[in-house]
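# Fold and geometry: a report
Okay, here's what each chain looks like letter by letter:
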Amino acid sequence: MDITATDEWAALSDHHREVASRTLRELFAEDAGRGTRLTGTAGDLYVDWSKHRVTDETVQLLVALAEKAGLPAQIKAMFAGSHINVTEDRAVLHTALRAPASVPLTVDGQDVTADVHAVLDKMGDFADRVRSGEWRGATGERITAVVNIGIGGSDLGPAMAYLALADYSDRGLTARFVSNIDPTDFAEKTRDLDPATTLFVVCSKTFTTLETLTNATVARDWLLAGVGEVEGAVAKHFVAVSTNADAVAEFGIDTDNMFGFWDWVGGRYSFTSAVGLSLMVAIGREHYGEMLAGFHTVDEHFRTTPLAENLPVLQGLLNVWYTDFFGAQTHAVLPYSQYLSRLPAYLQQLTMESNGKTVQFDGEPVTTSTGEVYWGEPGTNGQHAFHQLLHQGTSLIPADFIGFGEPNHDIGEMHDLLMANMFAQSSALAFGKTAEEVAADGTPAAVVPHKVMPGNRPSTTILAPKLTPSTLGQLIAFYEHTVFVEGVVWQIDSFDQWGVELGKVMARELAPALTSETAPEMDADASTVALVQHYRRLRGRP
Ligand SMILES: O=P(O)(O)OC[C@H]1O[C@H](O)[C@H](O)[C@@H](O)[C@@H]1O
């Protein structure tokens, strides 16, 4: 289907002309009630979307578009385990990873509920044994460091959450995350670790990823150099998280120490699968369970709430509104929490790998813009760096402000000042400051135009009581479903990622030309040949 050829799209195009000429100042002046009316809650998340360039009619029209695109049926299909990942012919069931054991689900003959909870129990037992000191290294010492080796979806979720939930971690047990094939990553993350007390979690859905297998091999050498060729050293210091038991066994990890998941969990949606193992070891099974329950709360909100009050649906539709009707290309994520400093990186994979597509489900080229470039930094740091462009630049950049009522560390007035900054930023973006207001401050006439704040820059504010395992889970589920909503409207498969394959194949093909002892014969483009030659000179190779 060409979504842009529908009456619903045409109605939105007409409506856009009208709304684009309105300002948030006007919209609020006409309807002060929108500050409380255009808000909602999902679990503990209070979401204020009143500072968006929309009217009630916009929302109705966007919801009509979502209906036309088949969103209600697609939501049902996802939760039921239909193969909505059409290009890989797979179900998409990350929501089943956090559903309670009491919710039965059988898909393609698999008792999904039983399998999910069997792995969760196994993870919980393992986490208990490591945390209690029952699980020991090859020389009999207690484990004090867990190093997750994985990349992309096998890294970003637990790495982001480990930072976010630092206050919930057992401080006697450090977790580290090695992802990059840059040797610096492994070297830096292990430089102060003792092999005898370090446990590696090799985390890879496919167990074929070059970066992860290379780092895992390096880790095995580092371990054996440290503890010696002690009987069972690898078994005591390596566990695996994967869907590929054969490759795990081939690497030399006992499959009894493997935590499985399934092909219906996409890499970037795998955080709540066994991929969360290192996090569970760090924060313990109870906190981990609270996080899963938080995810489930928002999953249920998404599954059962009518579209017009469904917060991930609204957020996803607003993203479509700006991307396709206002021509926005990027989206800022501004957590007012230092603990959420890796959230933008996590969301980059979730959103951009999901919706960076140019072809529809049906193989036809897309007819809309798709995807947004997600980026951001914690507030208030971003204010002193890039907010200038948000306020006075020429691009329209929708922003998400994320804050919490209760601080994790209550020191003087610091948290109140942090939050005052957050509220001030979204207000300044929305309402700006006119030339008259600037002049009234006594600003010299020549400077007035420079100090005018255009305003009319949209944002969502998400406010939660406190950053906890539960609210973190709720927040991530909110974003996951937002991405899905956009994908359905754009008629794209948000669960495949064919675009990353070519570069991987080419890197493997190119590697021998970099490492060969003699000058290589290269069958590559002229730029790449010249770059490789220059690199070889830098490395002292012929
Ligand atoms: O978990 P793995 O199989 O090692 O994959 C790790 C990552 O690499 C791939 O290139 C994909 O683009 C990601 O979606 C995935 O999360």
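Residues numbered from 1 in each chain as written. Predicted model: local features only at pLDDT ≥ 70, side-chain atom pairs only at ≥ 80, totals over all residues. Heavy atoms only, no water.

As recorded in an unreviewed UniProt entry, the chain goes by Glucose-6-phosphate isomerase and comes from Modestobacter muralis. UniProt annotates the chain under Subcellular location (unreviewed entry) with the comment "Cytoplasm". (UniProt positions renumbered as here; feature names shortened; annotations may be inferred.)

### Overview of the overall build of the chain
Regarding its fold elements, the chain presents 21 helices and 13 strands. The C-alpha atoms of the chain give a radius of gyration of 25 Å, which matches the 24 Å a tight globule of 542 residues would have. Overall, the chain is about 75 × 65 × 55 Å in size when its C-alpha atoms are taken along their principal axes. Burial statistics for the chain: of 542 residues in total, 53% are counted as buried. Within the chain, contacts between residues separated by at least 24 positions form 74% of all contacts whose residues are at least 6 apart in sequence. Approximately 22,700 Å² of the chain is accessible, and the part contributed by carbon and sulfur atoms is 53%. In the chain, 38 positive and 69 negative side-chain charges are present, and the distance between their average locations comes to 5 Å. (Helix = DSSP H or I, 4+ residues; strand = E, 2+ residues; numbered from the N terminus. Rg over C-alpha atoms; globule rule 2.2 N^0.38 Å. Buried < 20%, exposed > 50% of the residue type's maximum accessible area, 1.4 Å probe, protein only. Contact = heavy atoms within 4.5 Å. Areas by Shrake-Rupley, 256 points an atom, 1.4 Å probe, with all protein chains shown as cover. Lys, Arg positive; Asp, Glu negative; His and termini not counted. Charge placed at Lys NZ, Arg CZ, Asp CG, Glu CD.)

### Focus: the sheet that holds strand β7 (residues 198-203)
Spatial ordering of the open sheet is given by β6-β5-β7-β8-β9, a layout of 5 strands whose pairing is parallel. The open sheet terminates on both sides in strands that have one partner only, identified here as β6 (174-178) and β9 (258-260). For this sheet, the mean inter-axis angle between neighbouring strands, taken without regard to orientation, is 20°. In this structure, β7 lies alongside strand β8 (residues 238-242), joined through 4 bridges in parallel fashion. Pairing of valine 202 across the sheet is with alanine 240, part of β8. Here helix α12 (residues 277-304) sits on the sheet and contacts β5 (145-149), β6, β7, β8 and β9; the angle it forms with β5, its principal contact strand, is near 160°. (Pairing = 2+ DSSP bridges. Axes fitted to C-alpha atoms, helices over the stretch in contact; angles between N-to-C directions.)

### With respect to the pairing of β6
With 4 of its 5 residues buried, β6 lies for the most part within the structure. Judged from the 5 bridges that link them, β5 and β6 form a sheet pairing that is parallel. Directly across from valine 146, in β6, lies its bridge partner alanine 175.

### Describing the UniProt feature "active site" (unreviewed entry) in the chain
Look at the UniProt record and you will see "active site" (unreviewed entry) annotated at Glu353, His384 and Lys504. Taking the farthest pair of C-alpha atoms as the criterion, the annotated set spanning 152 residues is dispersed, since that pair is 37.2 Å apart. Along the chain, the position of glutamate 353 falls in helix α14 (residues 343-355). Classification of glutamate 353 by relative accessible area gives partly exposed; the value is 22%. The contacts of glutamate 353, once residues within four sequence positions are left out, are Arg268, Gln348, Asp496, Gln497 and Val500. Within the structure, glutamate 353 has its side chain in polar contact with the side chain of arginine 268 (distance 2.9 Å). (Polar contact = N/O pair within 3.5 Å; in protein donor to acceptor, adjacent residues only side chain to side chain.)

### As for the environment of leucine 199
On the secondary structure map, leucine 199 appears in strand β7. Of the residues examined, leucine 199 reaches a relative accessible area of 0% and is grouped as buried. Setting aside residues no more than four positions away along its own chain, leucine 199 makes contact with Phe126, Val130, Trp135, Ile143, Ala145, Val146, Val147, Lys236, His237 and Phe238.

### Description of the site of the ligand
Taken together, 14 residues surround the ligand, and among them Ser154, Ser204, Thr206, Thr209 and Glu353 come closest. A distance of 2.6 Å separates an oxygen atom of the ligand from a polar side-chain atom of serine 204. Separating an oxygen atom of the ligand from a side-chain N or O atom of threonine 206 is a distance of 2.6 Å. Coverage of the ligand by the protein amounts to 89% of the 390 Å² it exposes when considered alone. Along the lines of polarity and charge, the residues of the shell around the ligand split into 2 nonpolar, 9 polar and 3 charged. (Near = heavy atom within 4 Å. Nonpolar A, V, L, I, M, F, W, Y, C, P; charged D, E, K, R; others polar.)

### Observations regarding the nonpolar core
Across soluble globular proteins, you tend to see nonpolar side chains buried next to one another. Ranked by size, the top nonpolar core spans 121 residues in total, and within it Trp321, Leu343 and Leu472 carry the most contacts. Summarising the domain contributions, this core has at least three residues from each of domain 1 (3-69 + 305-496) and domain 2 (94-288). Non-local contacts of leucine 472, meaning those with residues more than four positions away in its chain, are made with Met160, Ala161, Ala164, Leu165, Met291, Leu340 and Leu467. By size, the runner-up hydrophobic cluster in this structure holds 26 residues, among which are Phe186, Leu224, Phe238 and Met258. (Core = buried A, V, L, I, M, F, W, Y, C linked by side-chain atoms within 4.5 Å. Domains from an automatic or database assignment.)

### A word on the sheet that holds strand β1 (residues 39-42)
Spatial ordering of the open sheet is given by β1-β2-β13-β12-β10-β11, a layout of 6 strands whose pairing is mixed. Edge positions in the sheet fall to β1 and β11 (373-375), since each has one partner strand and no second. Between one strand and the next, the sheet's axes are offset by a mean angle of 20°, whatever the strand orientation. The pairing of strand β10 (residues 330-335) with strand β12 (residues 399-406) spans 4 bridges and is parallel. Each residue of the ladder has a partner; that of valine 333, found in β12, is aspartate 400.

### Some words on the packing of helix α5 (residues 71-80) against helix α19 (residues 469-490)
Orientation of α5 relative to α19, taken along the N-to-C sense of each, is 130°, at an axis distance of 10 Å. Our classification of the angle between α5 and α19 gives oblique. In this structure, α5 crosses over α19, and the sense of that crossing is right-handed. Residues Leu71, Gln74, Ile75 and Met78 of α5 pack against His481, Phe484, Val485 and Val488 of α19. Grouping the amino acids of the contact of α5 with α19 by side-chain chemistry returns 6 nonpolar, 2 polar and no charged. (Parallel < 35°, antiparallel > 145°, perpendicular 65-115°, else oblique. Left-handed = near helix turned anticlockwise from the far one by under 90°.)

### Describing the pairing of β12
Within β12, 6 of the 8 residues are buried, leaving the element largely enclosed by the surrounding structure. Sheet topology note: the β12/strand β13 (residues 459-466) ladder contains 7 bridges and is parallel. Each bridged residue has a counterpart across the sheet, and for glutamate 406 the counterpart in β13 is lysine 466.

### What to know about the domain arrangement of the chain
Per the domain assignment, the segments of the chain are domain 1 (3-69 + 305-496), domain 2 (94-288) and domain 3 (499-539). Distance between the C-alpha centres of domain 2 and domain 3: 33 Å.

### Structural notes on the environment of glutamate 231
Structurally, glutamate 231 can be placed in the loop between α9 (210-227) and α10 (233-237). Looking at glutamate 231, the relative accessible area reads 74%, which means it is exposed. Residues glutamate 231 and threonine 139, spaced 92 residues apart in sequence, show a C-alpha to C-alpha distance of 9.6 Å.

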